[in-house]
Amino acid sequence: MSTTLGSRKVWLYWAAGMAWFYLLLWPLMGIGADGAVSFADSLAVWGYVAAASAALLALRQLHARGAFAAVTSPLARGLAGAKTGMDKVPPAVWWSLALCIAAALPFGSGRYVQDVAINVLIYICLGLGLNVVIGLCGLLDLGYIAFYGVGAYTYALLSIHYAMPFWMALPVAAALAAVAGCIIGYPTLRMRGDYLAIVTLGFGEIVRLILNNWMALTNGPNGILGIRPPTAWWPSFEGTFGFELIQMKKLTALYFVILGLTVLTTIAVHRLNFSRIGRAWEAIREDETAAELMGVNTFRLKLLAYATGAVFGGLAGAFFAARMRFVSPESFTFIESAMVLAMVVLGGMGSIPGVMLGALALVALPEVFRQFELYRMLAFGGAMTVMMLFRPKGLWPAKRFGARSEEMD
Amino acid sequence: MEFFIQQVINGLTLGGLYALIALGYTMVYGIIQLINFAHGEFFAAGGYMGVILLSFLAAHGYMETHPWFCLFGALLLTMGYCAMLAMAVEKVAYKPLRYASRLSVLLSALGMSIFLQNGLMLTQGVYDKAYPTEFTHGGLDFGLITFSYMQILIVAVTIALLLGLNALVFRTRIGTAMRATAQDKVMSSLVGINSNRIISTTFAIGAALAAAAGIMIGLYYGSVRYDMGFVPGIKAFAAAVLGGIGNITGAMVGGLIIGMVEIFAAGYLSSEYKDVWAFIILIAVLYFMPTGIMGENVDDTRV
């Protein structure tokens, strides 16, 4: 076995690792609160993990020896051929095709599919917003969900106190999120890298604590009920022809609202990415000191990236409030930030189709694997680490991503 | 006045625990410039190992006959367990990324943190787990002020661990090697220091201290929860930054300050916002004094 499956050393390491893993696993699973000691459960879990990792390791070893060359090389050639073929078609065609599919989706599908699709689109908006901050500008923001919360609570409060329509509240929510972004960004953006990460994490928690504790404004953990859905002028043919104001309570209508927001966000992020500002952001991401030397006003541009990301978060938040018609601090925890971050990382930082793919994968896959719901976050965490180990640029890497950002600083 | 003194005692207890967690952050940051997001989870794992071991001992009646002996045994085993856990995490998630970009390592650490937190939840349940505290109740009563046995234990163990760590870092060969690796990894490996082993040891020591804090917080508050590592983790990081990241004495002082501020803010201002103060201190320190109280100069990759 050791001759066909690689060196014996690899398997010795694997065995040591598995033994170590069992030592860590057994106390958590094998000692009951009543003082009983059992081995069955922990051995079962350990067995699955050991078998899966052994199979993966064996495949990897065989692959390294070229055992699958007969299958993989024609496959790789075919994929490369398909890719060059697809590259000949202008991207606008692909985008319009995707848009057509998205627009046709609610017709002929049930409530469940529409609900999941709305969730996917909300997360695409959030992911694209965070993508501006982390993917384009290279600032790790772990409190991004705070802006989502600001947007959601802005619309919620405006709706229940002043009965402000959704479409008027939308720019207000975006503006307030941008202001929040500047308030958070101003003191923190002079820091770099990891300090920024922890400070934004802290700010995210502060926003959540305020939402949770400021009873007079936010009604605390009970949340705010009775938010109005978006409205629209709709042609009516009853009696004389005219327009009447309807409340968009149907999922189909809401789906088109968020689809519109997503298209807007995508176009905005794309235009920003390939503008002077976007180039400056990428320069900051690749090497901040060099960018500054070349005359980029790094502080202002970082603040701008932060505020832009916040705007998209705020828009998505306002829609979220209008869609759920209920907001509570529960929806804006750190786990949500981590999930949006996981989408951006999984899809590919700085890549718009990548972020969409990431959002689709992380929202739709758990729906498919409903019976493994409990293991969702475990898988997210594990996937994040595994992605960083094996494919740090994501599933659909951005085209413009410097070699330097993968080097050691 | 009694209230004030009582608060000082409470602040010392909590601050000592924050200091123990902060040490792990600061040592790891000092040596590989990584914010180890999973550190809070080592602390939580310590809390859980504590409740598992102590419930086991209590169920077999040992807690009734030898409560203090059991406590110390559980403390040592827990520290060993978390050291093993930290070494495994370091080996799997950080070591392969030693020469990758900082963002990759940070995200890998974040992934590990989520993974471990949910691993704890899946194996131990979503609900709070209660510590068998009935054997260690009571305290010294000085009239209006009480000093519970748990507080005495926590302060004593904390001081012992801090002194032990100081001795380890400043008096032993391995401590010298750790300081050398923190200063210059290439140079120290040229003089024959196995930097991988030193990094692994640093993780193990940091996690062992966090585990001690975890078991003591469990005993102090009476229960543990799978997500208990998150907020104390950030606070301890704030303490490490306040003291000057990479500086061991600084982390101890910073932990005490954060604990005191939190207790006094909760006692005199508002208990709802007690978690906010650590963040505000963190932001203020980073803004006005990024080197912290005792830190050396930091270069532009950190701040």
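This structure is a prediction, so every number in the text was calculated from the model and none was measured. (Residues numbered from 1 in each chain as written. Chains lettered and ligands numbered in written order. Predicted model: local features only at pLDDT ≥ 70, side-chain atom pairs only at ≥ 80, totals over all residues. Heavy atoms only, no water.)

Would you explain the overall build of chain A in this entry?
Counting its regular elements, chain A contains 16 helices and 4 strands. Within chain A, the fraction of its 409 residues that count as buried is 48%. Total accessible area on chain A stands at roughly 20200 Å², and carbon and sulfur atoms take up 70% of it. (Helix = DSSP H or I, 4+ residues; strand = E, 2+ residues; numbered from the N terminus. Buried < 20%, exposed > 50% of the residue type's maximum accessible area, 1.4 Å probe, protein only. Areas by Shrake-Rupley, 256 points an atom, 1.4 Å probe, with all protein chains shown as cover.)

Whenever I open this one, the overall build of chain B confuses me. Can you help?
Per the secondary structure count, chain B includes 12 helices and 4 strands. Taking 303 residues into account, the globule formula puts the C-alpha radius of gyration at 19 Å, and chain B, at 19 Å, falls close to it. Its C-alpha atoms put chain B at 60 × 45 × 40 Å along the principal axes. The buried share of chain B, reckoned over its 303 residues, is 58%. Considering only intrachain contacts with a sequence separation of at least 6, the fraction spanning at least 24 residues in chain B is 78%. Roughly 11900 Å² of accessible area belongs to chain B as shown, and the carbon and sulfur atoms make up 66% of that amount. (Rg over C-alpha atoms; globule rule 2.2 N^0.38 Å. Contact = heavy atoms within 4.5 Å.)

Would you mind going over the packing of helix α10 (residues 230-243) of chain B against helix α11 (residues 248-269) of chain B with me for this structure?
Packed helices, taken two at a time, are described by the angle their axes make and the gap between the axes. Residues and elements named next belong to chain B. At a closest axis distance of 7 Å, the pairing of α10 and α11 adopts a crossing angle of 125°. The orientation of α10 relative to α11 falls into the category oblique. The chirality of how α10 crosses α11 is right-handed. Note on element contacts: α11 touches α10 through Gly-250, Ala-251, Gly-254, Gly-255, Ile-257, Ile-258 and Glu-262, opposite Lys-235, Ala-238, Ala-239, Leu-242 and Gly-243. For the contact of α10 with α11, the class distribution of residues is 6 nonpolar, 4 polar and 2 charged. (Axes fitted to C-alpha atoms, helices over the stretch in contact; angles between N-to-C directions. Parallel < 35°, antiparallel > 145°, perpendicular 65-115°, else oblique. Left-handed = near helix turned anticlockwise from the far one by under 90°. Nonpolar A, V, L, I, M, F, W, Y, C, P; charged D, E, K, R; others polar.)

Got a minute to help me understand the nonpolar core in this structure?
For soluble globular proteins, the rule of thumb is that nonpolar side chains tend to be buried together. Membership of the largest hydrophobic core comes to 221 residues, with the highest contact counts inside it found for Leu-341 of chain A together with Tyr-94 of chain B. Both domains that furnish three or more residues to this core are identified here as domain 1 (8-79) and domain 2 (102-406) of chain A. With sequence-adjacent residues up to four places away left out, Tyr-94 of chain B is seen in contact with Leu-34, Asn-36, Ala-38, Val-89, Val-105, Ser-108, Ala-109, Met-112 and Phe-203 of chain B. (Core = buried A, V, L, I, M, F, W, Y, C linked by side-chain atoms within 4.5 Å. Domains from an automatic or database assignment.)

Looking at this structure, I do not really get the pattern of salt bridges. What am I missing?
Once the charged atoms of two side chains with opposite charge are near each other, the side chains can pair. Enumeration over the complete set of coordinates arrives at 13 salt bridges over all chains. Close ionic contact of Glu-205 of chain A with Arg-208 of chain A constitutes a salt bridge, the shortest N to O distance being 3.2 Å. Of this pair, Glu-205 of chain A and Arg-208 of chain A both sit in helix α8 (residues 193-213), 3 residues apart, which is roughly one turn of the helix. By the burial criterion, Glu-205 of chain A is buried, and Arg-208 of chain A matches it. Glu-90 of chain B is paired through a salt bridge with Arg-98 of chain B; the nearest N and O atoms lie 2.3 Å apart. (Salt bridge = Lys/Arg side-chain N within 4 Å of Asp/Glu carboxyl O.)

Can you walk me through unusual backbone geometry in this structure?
In most cases, non-glycine residues show a negative phi, while peptide bonds are predominantly trans. Even without glycine at this site, Asn-219 of chain A takes up a positive phi of about 60°. Take Asn-219 of chain A: it is sitting in the loop between α9 (215-218) and β1 (224-225). The phi angle at Gln-33 of chain B is positive, at roughly 50°, despite the residue not being glycine. By secondary structure assignment, the location of Gln-33 of chain B is in the loop between α1 (2-32) and α2 (39-59). For Gln-33 of chain B, a relative accessible area of 24% gives the class partly exposed.

Where do I start with the confidence of the model for chain B in this structure?
The predicted coordinates ought not to be read in detail in places where the model reports low pLDDT. The predicted model of chain B averages 87 in pLDDT, with 96% of residues at 70 or higher. Contacts for the low-pLDDT stretch residues 299-303 of chain B, under 50 throughout, to residues beyond four places or in other chains number 16 contacts. (pLDDT = per-residue confidence, 0-100.)

Got a minute to help me understand α1 of chain B in this structure?
Each full turn of the α-helix corresponds to 3.6 residues, which orients residues three or four apart in the same direction. Residues and elements named next belong to chain B. Between its first and last C-alpha, α1 extends 45 Å over 31 residues, near the 45 Å set by a 1.5 Å rise per residue. Along α1, 25 of the 31 residues are buried, which leaves the element largely enclosed by surrounding structure. Just past α1, the residue Gln-33 takes up positive phi, approximately 50°. (Expected span 1.5 Å × (residues − 1).)

What is the right way to look at the interface of chain B and chain A in this model?
The accessible area lost on association of the parts is a frequent measure of interface size. If you look at the interface, chain B gives 62 residues, while chain A gives 56 residues. Together, the buried faces of chain B and chain A total about 5400 Å²; carbon and sulfur atoms form 76% of this surface. Viewed at the interface, chain A and chain B are joined by 0 salt bridges. At the surface where chain B touches chain A, the tally comes to 5 residue pairs in polar contact (both at pLDDT 80 or more). Elements that contribute at least two residues to the side of chain B that touches chain A include exactly α2, α4 (67-94), α5 (102-124), α10 and α12 (274-288) of chain B. With 19 residues, the top contributor of residues to the side of chain B that touches chain A is α5 of chain B. Classifying every residue of the side of chain B that touches chain A by side-chain character gives 44 nonpolar, 13 polar and 5 charged. (Buried area = accessible area lost by both parts, 1.4 Å probe. Polar contact = N/O pair within 3.5 Å; in protein donor to acceptor, adjacent residues only side chain to side chain.)

Just to check I follow, could you spell out the side chain of Ser-337 of chain A for this structure?
Inspection of the secondary structure puts Ser-337 of chain A in helix α14 (residues 334-347). Since its relative accessible area comes to 5%, Ser-337 of chain A is described here as buried.

Would you explain the packing of aromatic side chains in this entry?
One pair of aromatic rings is described through two measures. These are the centre distance and the angle between the planes. Residues and elements named next belong to chain A. Counted by the stated rule, this structure contains 23 aromatic pairs over all chains. Ring geometry for Trp-26 and Phe-39: centres 5.3 Å apart, planes at 10°, overall stacked. Taken as a pair, Trp-26 in helix α1 (residues 8-30) and Phe-39 in the loop between α1 and α2 (40-64) lie far apart in primary sequence, 13 residues in all. The exposure class of Trp-26 is partly exposed, given its relative accessible area of 22%. A relative accessible area of 44% means that Phe-39 is categorised as partly exposed. Their ring planes at 40° and their centres at 6.0 Å tell us that Phe-107 and Phe-256 sit as a pair that is tilted. Linking Phe-107 in the loop between α4 (91-104) and α5 (111-136) with Phe-256 in helix α10 (residues 251-273), this pair joins segments that are 149 residues apart in sequence. (Phe/Tyr/Trp six-rings, centres within 6.5 Å; stacked < 30°, edge-to-face > 60°.)

Explain a nonpolar patch on the surface here, please?
Residue and element names in this part refer to chain B. Nonpolar side chains collect at one region of the surface, where Met-1, Phe-3, Phe-4, Ile-5, Tyr-268, Leu-269, Trp-277 and Ile-280 lie side by side and expose about 820 Å² of accessible area between them. Put simply, the parts of the chain that give the nonpolar patch at least two residues each are α1, α11 and α12. It is α1 that contributes the most residues to the nonpolar patch, 3 residues altogether. Residue classification places Trp-277 among the partly exposed positions, given a relative accessible area of 31%. (Patch = residues over 30% accessible without salt bridge, like charges linked within 9 Å, V, L, I, M, F, W, Y side chains within 5 Å.)

Mind showing me how you'd approach the environment of Gly-139 of chain B here?
All names here are of chain B. With respect to the secondary-structure elements, Gly-139 resides in strand β2 (residues 139-142). As a C-alpha pair, Gly-139 and Ile-152 span 13 residues in sequence and 8.4 Å in three-dimensional space. Not counting chain neighbours up to four residues away, the residues in contact with Gly-139 comprise Phe-147, Ser-148 and Tyr-149.

Please clarify how the state of the cysteines should be interpreted in this entry.
When the sulfur atoms of two cysteines share a covalent bond, that bond is a disulfide. Per the counting criterion, the structure on display carries 0 disulfides over all chains. With no disulfide partner, Cys-182 of chain A has as its closest neighbouring cysteine sulfur the one in Cys-137 of chain A, 13 Å distant. Of the cysteine sulfurs around Cys-70 of chain B, a residue in no disulfide, the closest is that of Cys-82 of chain B, at 19 Å. Under the relative-accessibility criterion, Cys-70 of chain B is labelled buried at 6%. (Disulfide = S-S within 2.5 Å.)

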